[in-house]
Every structure is written in C-alpha cells, then in structure tokens.
There are 2 protein chains.
Amino acid sequence: MRALVWDGSRARVVADVPDPIPVAGECVVRVLRAGICSTDLEILGGYLGFRGIPGHEFVGRVEQGPADLVGTRVVGEINFGCGRCEVCAAGRGRHCPSRSVLGIVGADGAFADRLRIPSANLHRVPESLDDDTAVFVEPLAAAFRAGEQTAALAGGRSLVIGAGKLGLLVAQVLRGRGDRVVVLARRPGALRLAESLGLAAVPDTGSVDGFDLVVDASGSPDGLAIALRAARPLGTIVVKTTVASRHDVDLAPLVIDEVTLVGSRCGPFPPAVAGLASGAVTVAPLVEATFGLGDAIEALRRAGEPGARKILLDPGR
Amino acid sequence: MRALVWDGSRARVVADVPDPIPVAGECVVRVLRAGICSTDLEILGGYLGFRGIPGHEFVGRVEQGPADLVGTRVVGEINFGCGRCEVCAAGRGRHCPSRSVLGIVGADGAFADRLRIPSANLHRVPESLDDDTAVFVEPLAAAFRAGEQTAALAGGRSLVIGAGKLGLLVAQVLRGRGDRVVVLARRPGALRLAESLGLAAVPDTGSVDGFDLVVDASGSPDGLAIALRAARPLGTIVVKTTVASRHDVDLAPLVIDEVTLVGSRCGPFPPAVAGLASGAVTVAPLVEATFGLGDAIEALRRAGEPGARKILLDPGR
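If you're wondering where the values come from, they're calculated on a predicted model, not measured in any experiment. (Residues numbered from 1 in each chain as written. Chains lettered and ligands numbered in written order. Predicted model: local features only at pLDDT ≥ 70, side-chain atom pairs only at ≥ 80, totals over all residues. Heavy atoms only, no water.)

## Concerning the environment of Ala299 of chain B
Alright, step 1. Mapped onto the fold, Ala299 of chain B is located in helix α10 (residues 296–303).
Alright, step 2. Each C-alpha atom, one on Ala299 of chain B and one on Leu254 of chain B, is 40 Å from the other, the two residues being 45 residues apart in sequence. (Helix = DSSP H or I, 4+ residues; strand = E, 2+ residues; numbered from the N terminus.)

## Brief notes about helix α5 (residues 165–176) of chain B
Because an α-helix completes one turn every 3.6 residues, residues spaced three or four positions apart along the sequence face the same direction.
Residues and elements named next belong to chain B.
Alright, step 1. A rise of 1.5 Å per residue sets the reference length of α5, with its 12 residues, at 16 Å; its end C-alpha atoms lie 17 Å apart and thus fit the reference within 8%.
Alright, step 2. Among the residues of α5, Lys165, Gly167, Leu168, Leu169, Val170, Ala171, Gln172, Val173 and Leu174 are the ones counted as buried.
Alright, step 3. Remark: Gly178 follows α5 within two positions and exhibits a positive phi of approximately 105°. (Expected span 1.5 Å × (residues − 1). Buried < 20%, exposed > 50% of the residue type's maximum accessible area, 1.4 Å probe, protein only.)

## A closer look at the sheet that holds strand β12 (residues 180–184) of chain B
Alright, step 1. Taking strand neighbours across the sheet as the criterion, the 12 strands line up as β13(A)-β12(A)-β11(A)-β14(A)-β15(A)-β17(A)-β17(B)-β15(B)-β14(B)-β11(B)-β12(B)-β13(B) in an open arrangement whose pairing is mixed. Both outer strands of the open sheet, β13 (200–202) of chain A together with β13 (200–202) of chain B, are each paired with one neighbouring strand and no more. Mean inter-strand twist for the sheet, computed between neighbouring axes without regard to direction, equals 20°.
Alright, step 2. Pairing analysis gives three bridges linking β12 of chain B to β13 of chain B, with the strands arranged parallel. For Val183 of chain B, the partnering residue across the bridge sits in β13 of chain B and is Ala201 of chain B. (Pairing = 2+ DSSP bridges. Axes fitted to C-alpha atoms, helices over the stretch in contact; angles between N-to-C directions.)

## Thoughts on the packing of aromatic side chains
Alright, step 1. If you walk through the whole model with that rule in mind, you get zero aromatic pairs over all chains.
Alright, step 2. Here the basic side chain of Arg157 of chain A rests over the ring of Phe211 of chain A, its NZ or CZ set 4.2 Å away from the ring centre. (Phe/Tyr/Trp six-rings, centres within 6.5 Å; stacked < 30°, edge-to-face > 60°. Lys NZ or Arg CZ within 6 Å of the ring centre and 35° of its normal.)

## Describing the nonpolar core
For soluble globular proteins, the rule of thumb is that nonpolar side chains tend to be buried together.
Alright, step 1. In this structure, Leu140, Leu168 and Val183 of chain A are the most contacted members of the largest nonpolar core, which totals 45 residues.
Alright, step 2. With residues near it in sequence (within four places) discarded, Leu168 of chain A still touches Gly162, Ala163, Val183, Leu193, Ala194, Leu197, Leu199 and Leu286 of chain A. (Core = buried A, V, L, I, M, F, W, Y, C linked by side-chain atoms within 4.5 Å. Contact = heavy atoms within 4.5 Å.)

## Examining the state of the cysteines
Alright, step 1. Tallied over the full model, the rule gives zero disulfides over all chains.
Alright, step 2. No disulfide involves Cys37 of chain A; its sulfur sits 9.4 Å from that of Cys266 of chain A, the nearest cysteine.
Alright, step 3. In this structure Cys82 of chain B is a free cysteine whose sulfur lies 3.7 Å from that of Cys85 of chain B, the closest cysteine sulfur available. (Disulfide = S-S within 2.5 Å.)

## Section: the sheet that holds strand β6 (residues 79–80) of chain B
Residue and element names in this part refer to chain B.
Alright, step 1. Overall, mixed pairing links the three strands, which are arranged β6-β7-β8 in an open sheet. Looking at the sheet topology across the chains shown, the edges are occupied by β6 and β8 (106–107).
Alright, step 2. Two elements, strand β7 (residues 100–102) and β8, share two bridges in a ladder whose sense is parallel. From the neighbouring strand, Val101 faces β8, where its bridge partner is Gly106.

## Some points on the domain arrangement of chain A
Residues and elements named next belong to chain A.
Alright, step 1. Taken as a whole, chain A is organised into domain 1 (3–136 + 283–314) and domain 2 (143–263).
Alright, step 2. Here the C-alpha centre of domain 2 lies 27 Å away from the C-alpha centre of domain 1.
Alright, step 3. Taken together, the contacts link 14 residues of domain 1 with 11 residues of domain 2.
Alright, step 4. When the two sides are added together, the surface that domain 1 and domain 2 hide from each other amounts to roughly 1,000 Å², 63% of it contributed by carbon and sulfur.
Alright, step 5. Scanning the region where domain 1 abuts domain 2 turns up one salt bridge.
Alright, step 6. As a salt-bridge pair, Glu148 and Arg94 come within 4.0 Å of each other at their nearest N and O atoms. (Domains from an automatic or database assignment. Buried area = accessible area lost by both parts, 1.4 Å probe. Salt bridge = Lys/Arg side-chain N within 4 Å of Asp/Glu carboxyl O.)

Below you can see the structure in the form of structure tokens.
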C-alpha cells in the first residue's frame, strides 16, 4: 500500500509499504479521509520522537475484523491502552502508561491506504455524515473534552484563544452548552471565519478579561500568558496547546487569582458524532483543501501555511 | 509608635511613626507577635511595588474598636474587600479587585507596635494558644486552603515540594485529613525537621512520581517542573509558590497527562485555629528565633538565610 513515512529526518510517500497485519482484537480499516492536525506538523518537526506513518484523524471502512464490523464506516479513538494495568482497569485507558497512540506514539497512523486499530476503539459513523464531516470526529472529541472538564462552568462567559481548526470546534461546543463565547482571532481571515460560524470574535487582547473560562487553543507559546490575563479570579483555563517549545511565563497571577489550569487532550467520541449529526457543530467551512495521498507532501506544506484551515487527504483520489 | 518601614529602596525601623487612626468598622490592634513570611522578603525586593509597613502574620490584642472586642486577643484575615462589588457580594472578598491586603497591597501591616484592621477580619484566639502558636494561624490558613481546594483528593498519595515553613504546614494539614504524605526536602536540616514532625521525607526527586496531589511550596522557580514530573496523569498540582521571577517550563506534560494546576493563596481561619487548638498541627519546631521590633532589620536578614525557619517579631520585647 501507499503511505506517508517519516523516518525522523524526512517525510516521503512510499508506494510499497507492507499492508498492516492485524493481531487478535484488531481491525484493518481502509482510509477514506484523513485530516492533518497541528500535532502532525509538530511530529514532522521531531516532537515525541515518532517514526513511521503519522496521522490520527480519519474515517474509513473496515476491511478485516469481526464480521459485524466488516464493511461498516468507522472513526477511531487513537489511544491504545494495554487493557491490563491499574489505569486501564480504572477506565482511564487514554492515560495508560504503556499505551501507544495512532500515528503519534508507537503505532502507524492514517496517512496511508490502510491502518490497523483495536476493534474496541472504533465507532460506527451514521450514514447522514459524509466523509468530509466524519473525519472531524476525532478533533471534535478533543473539543468536547474541554467541555467535559469544565461542565460546572456551562452557561458562563468563555473565551477561546485561537480561531484555528481546534479553536473553532471548541467554541462551537461551548456555545452548544449555553456559554456566552468570544473567540480571540488575530488573523483577519480567522476572524471572518469565526463570524461566519455565528461566533462573536475579537481581534486583539485589549478587551478580553474577566472570563469564567478561557481555552488556549492558540497553538502558540504566548497563548498561556494571554489566558492568564483574560481569566477572572478563581476562573479556569483549559490548555489545549502542546507546543514543542518552552513557556516563559509569570505564574504569580495564577497563584494570586487562584486560577485553575487544566491540561486537555483527547475526548469522548459519542458526543462528537452526535454534535455533527445534529448540526450543532458545523465543519464544512473549516476545510481548506483535499489532496490525494500521492500529494501528501504538498498537503503537509499547505497545512503548515499560516492561517491554513483543515487539509484533508483522500487516498481514493 | 515604632514600625519597620519600606520606602521602595530601603527598610528601616522608624521610632516615631504616627499611631494608626481607625475609621468606622476598624479596630486598632497592639501587635503581640508578627511572623516574617517569604512574601515579606519578596516585598523588600520590590514585589508588587508595596510601600509602607510590611507584615501580615500577627496575633495581637484589640486596643480600640467595638466594646465586645476591646481587650480580646485576635488574629486577622489579611484581605480587605470593598464589601460593595459583585465579587464581595458573592462571598469572594479575598478576590475583590479593589481590595487592599495587610502589609502587601495598600495597607500598613504588622511589623509595628500597632495596626488597624477591619473588625470583620478578626478572629478571637482561644486562651489555650500562646502567642508563638497563634501567630501561625494566617500561614496555616493558607495551608488549609490547599486542602479546601483539593477536598476530593483526601486520602490519596500527596507530595509536598519544599520543607520550609509553609510546606511543613501544608504537609500536616494533608496528613490530618488522611493523605499518605511525602515531603520533598532537599536540605538535610529540612529533612530532619520534617521527620521530627513524623512526616515521611525524601531528599531528591528521583523516586517521586505517580502522586495524586502535588503541592509546590518550594518557593523556587524550579518547583513547578518537579511537580509536573511527580504528578500522575489526571493528577492535581497546587501552586503555593509566588516567586518574583518567570517560570521557564515545558507545559506539554500538563496537556498530555491532563494535569490540573491550581493557584492557591489565602485560606480559612477557623480550621487553622482549630488545628492548632487540637494539636493536629504542631508549629513550635518551626520557630527559628524571636527578635524585638528594634532588631527587625537583623530579623529580616536571618529570615532570608537559606533554610531559615520562622522568624518572629515581639514588639513587647
């Protein structure tokens, strides 16, 4: 099969990668669409030391696996816990210390014709969701995670820093639960995109303070400092930004204002599927372009352009 | 009266500072003991731009004020909210945006013969608590705040980073609610002091990981990085350290492990008074030395020595 392969120094499309061979409990899924995430770009910059086939956002069709799954269209949770340790037993497999993570840690990912994945990680996709929509389930689940971690703040004043792909998903999730949401969008194009989704958006940090909840989806090392200025005393900041660089930040305001900072990673798939199916979350305007797998290098370049929206790969193209 | 006065560049003991004149709702308190806190040393380094009489840990006797208070021995909460704003109305006066703070922000403090303070901030001290014990109510309340913010974690594995004055109070509070507490104490003297209080203590960071709760009471910019390594996935870090310097820290582990970081400042006085009265918290071993007010400069110098325990001022001496 074809796949984008990262060897630690170079990414290239390889035409003759061996097809994945599933072990017990796994499926082989033919990839229908894969999405390029900022984390993929970080990985291709050396983040986490990954080697192999990146890609963790996908929708596909099961080719091998349990009879009731073969032929169905699925999305997949990306953390593969060991299933045997204390953490997994406590239902926290996303934090299993010996987990692998699709296309991120120790497991080949979705920038390929096919991938293998534990059957238990799969969720069926309703027919009403087309591939270009369903491929957003994984990042939207990560957005729902921010909501899940701050359920007590529903209905409050919320600021989302960053009108990138993830930021606009988070903003829609928070709006859907009744928050009064403002998006901080520094690029004019991002500001217009946020407004086209019906979201209140502001271009600079001057007027943002006193928020009950601030979500840093800036993808930038300066997002946290902005968040600390924008959160009210006793407020909460959800950090979605993993940047492969250090934060140089004054944490005295965190202590003085007794702010809570919560790291947030992967989230629950069922509300993401439901949010797309109900139309509560709109993703079509977030798609910038779709490339064939043979053009994956060009797709990555486009995804890395400042202000780029979601770039999709379509191996069938 | 006499007071230690900080003019922004120099601290000196002044013999003829005018006595404080109370306004409506305030008391004048004669200071029996005052404690020197690391925050005071930061203030004398320029922190928060304070000018005037520092000092916020005290026990004293009411000289002027309501008849039912005059003559009683009291400790005092240090945040003076406006009492009229939305934040105060919501019972969060400690976070009133126009508050003053005794000896820290816009209000003269306790390194003096007398201070003035809102009567509503005062708590009577039981006769069973001597002055050297009662002067710990304020810092112990700050320690109880860490417990109050993490009530759901009671009984878990907790690490306290730093065996200084605040760290050893926090460790005793957490032990008192049933946590299995370990203290990270890098100085041999601090390690022995922790052990003398019956606390488990370790000298280095090699063996500390997987904690449900980590409290950074290190007073050091590197405390947070240690805390991030020591907390388990989905664990909680309480930050007690306000250092007048920036943190250079990699926050990717916070996101990946979905750790919660909570800033923690001042706390509730009643459990602190009760904890001292019951003997659940021991403070006598934490006292390094007591100085008269005339020797306050020397007292500050001693308080700033590495590994110094609590230095007290006794204006009556």
